[in-house]
Structures are given as structure tokens and as C-alpha cells.
Amino acid sequence: MARPRITLRRLAIALPMVYMLHVAEEAPRFVDWFNAHVEPDISAGLFWSVTGAGLVITLFVAGIAAVAGGRGAALAAVAWTGFLMLANGIFHIVATVVDRDYAPGVVTALLLYLPASGLLIVTVAREHAMSPATVAAVALIGGIPMFIHGWLIVFEGGRLF
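Keep in mind that what you see is a predicted model, and the values were worked out from it rather than measured. (Residues numbered from 1 in each chain as written. Predicted model: local features only at pLDDT ≥ 70, side-chain atom pairs only at ≥ 80, totals over all residues. Heavy atoms only, no water.)

> Could you give an account of the overall build of the protein, with specific residues and numbers?
A tally of helices and strands in the protein yields seven helices and zero strands. Along the chain direction, N to C, the helices and strands of the protein fall in the order α-α-α-α-α-α-α. The C-alpha radius of gyration computed for the protein amounts to 16 Å, which stays within 12% of the reference 15 Å derived for 161 residues, consistent with globular compactness. Judged by the C-alpha coordinates and their principal axes, the protein covers about 50 × 30 × 25 Å. Per-residue burial for the protein yields a buried fraction of 43% across its 161 residues. (Helix = DSSP H or I, 4+ residues; strand = E, 2+ residues; numbered from the N terminus. Rg over C-alpha atoms; globule rule 2.2 N^0.38 Å. Buried < 20%, exposed > 50% of the residue type's maximum accessible area, 1.4 Å probe, protein only.)

Below is the structure:
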């Protein structure tokens, strides 16, 4: 029996679920972890506001990518995923290594965020006859704000947003 093929539509539908699983891991301890690293502190309310906004944007971008399926929609999904999942996943991994302690969200970063980002890059490249390096560049460029934010948190004790 043939294995179901990974498509942009299927991945787009999965992205909000991947995000929610990450938030489920992160939520119980992230605010305390963050506040131990960064000034000024954040509140649980701010965490949930940012998380909710992330979910709404993810649902919108994923919905457009799943329905429209065009190159522009696909690259928008790649750029957003580069920010939300790829760069954020790398942030959690780096924070765990630097702290030598669990950074809330690192498990889903490793098991879901990085694989989903990689699968999206490969799938968009395949479905739109683009170079994987070009699509990966879109993800990396999309991730720049989160890369900067993560650097500030882990190495400077500050934040971008």
C-alpha cells in the first residue's frame, strides 16, 4: 500500500495543531522561565495575548496556503513558519543548551517545530518547482525577528518585543 504523500495542504492544516501542542508544553512554566531571564517581566496575560495572536495568524496563513495553494501563499506560510516555528524552535534549543536546563517548549521544538519547518520547506520547493535553498532562505528571512528576539533573551537578558 502506498504511503500518503505529504502535501502543502496537509501540512498547512497540521501547522495550527503543531503550534497548539507547543503552547501546551510551554504554557505551564514559560512565564516564570522568561521572567527569570529577562527584564522587564511579562505577565501570564501578555503570554496568552501573544499566544492567541500567534494562533490567529497561523490559522489565517495556513488557511490561505491550504485553500489558495499558489506560490505566494506557500511562501507566506514558509516565512511565517520560519518565524514562528523554525527560529522559535532554535531559540528553545539554544536556551536549553546555554542554561543547561529545560527551557519550556524545547521538546516540541525538537520533535515538532524543526521537522514541520523542514517538511514545509521541502514540500513547497517540490510543489512549486523552486530550489530548496531559495525556500529555506525565505524561512530564514522570515525568522529574523525571532532570531534577534531569541538572542536578546538568551544572551542579553532583554527582548525585542
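> Would you mind going over the packing of helix H1 (residues 8–26) against helix H3 (residues 44–68) in detail, with residue names and values included?
Relative to each other, H1 and H3 sit at 170°, their axes nearing to 8 Å. Taken as axis vectors, H1 and H3 run roughly antiparallel relative to one another. On H3, the residues touching Leu 8, Arg 9, Ala 12, Ile 13, Leu 15, Pro 16, Tyr 19, Met 20, Val 23 and Glu 26 of H1 are Phe 47, Trp 48, Val 50, Thr 51, Gly 54, Leu 55, Thr 58, Leu 59, Ala 62, Ala 65 and Ala 66. Partitioned by chemical class, the residues of the contact of H1 with H3 number 16 nonpolar, three polar and two charged. (Axes fitted to C-alpha atoms, helices over the stretch in contact; angles between N-to-C directions. Parallel < 35°, antiparallel > 145°, perpendicular 65-115°, else oblique. Contact = heavy atoms within 4.5 Å. Nonpolar A, V, L, I, M, F, W, Y, C, P; charged D, E, K, R; others polar.)

> Now, about the nonpolar core: what can you tell me, with residues and values included?
Counting 31 residues, the largest nonpolar core has Leu 84, Met 85, Leu 120, Val 124 and Val 135 as the members making the most contacts within it. Elements with a contribution of two residues or more to this core: H1, H3, helix H4 (71–99), helix H5 (106–127) and helix H6 (132–142). With ten residues, the top contributor of residues to this core is H4. Leaving out residues up to four positions away in the same chain, Met 85 has contacts with Leu 15, Val 18, Tyr 19, Trp 80, Tyr 113, Ala 116 and Ser 117. Core analysis: the next-biggest nonpolar cluster, separate from the first, contains twelve residues, Phe 34, Ile 42, Phe 47 and Val 154 among them. (Core = buried A, V, L, I, M, F, W, Y, C linked by side-chain atoms within 4.5 Å.)

> Any chance you could break down the packing of aromatic side chains for me, citing the residues and the numbers?
Counting across every chain of the model gives eight aromatic pairs. Where Trp 80 meets Phe 83, the ring centres are 5.3 Å apart and the plane angle is 35°; that geometry is what we call tilted. One end of the pair is Trp 80 and the other is Phe 83, both in helix H4 and three residues apart, which spans about a single turn. The class for Phe 83 is buried, based on a relative accessible area of 16%. Judged by centre distance (4.3 Å) and plane angle (40°), the ring pair of Trp 151 and Phe 155 falls under tilted. Here Trp 151 pairs with Phe 155, and both are found in helix H7 (residues 144–156), just four residues apart, close to one helical turn. By relative accessible area, which is 39% here, Phe 155 ends up partly exposed. One aromatic cluster is present, built from ring pairs that chain together Phe 30, Trp 33, Phe 34, Phe 47, Trp 48 and Phe 91. (Phe/Tyr/Trp six-rings, centres within 6.5 Å; stacked < 30°, edge-to-face > 60°.)

> Please give an account of unusual backbone geometry that cites residues and values.
The amide bond that connects Glu 39 to the next residue, Pro 40, takes the cis arrangement and shows omega of 0°. With respect to the helices, strands and loops of the structure, Pro 40 is situated in the loop between helix H2 (30–37) and H3. Of note in this structure, Ala 129 is not a glycine but carries a positive phi near 50°. Mapping Ala 129 onto the fold places it in the loop between H5 and H6. Here Ala 129 falls in the exposed class, since its relative accessible area comes to 71%.

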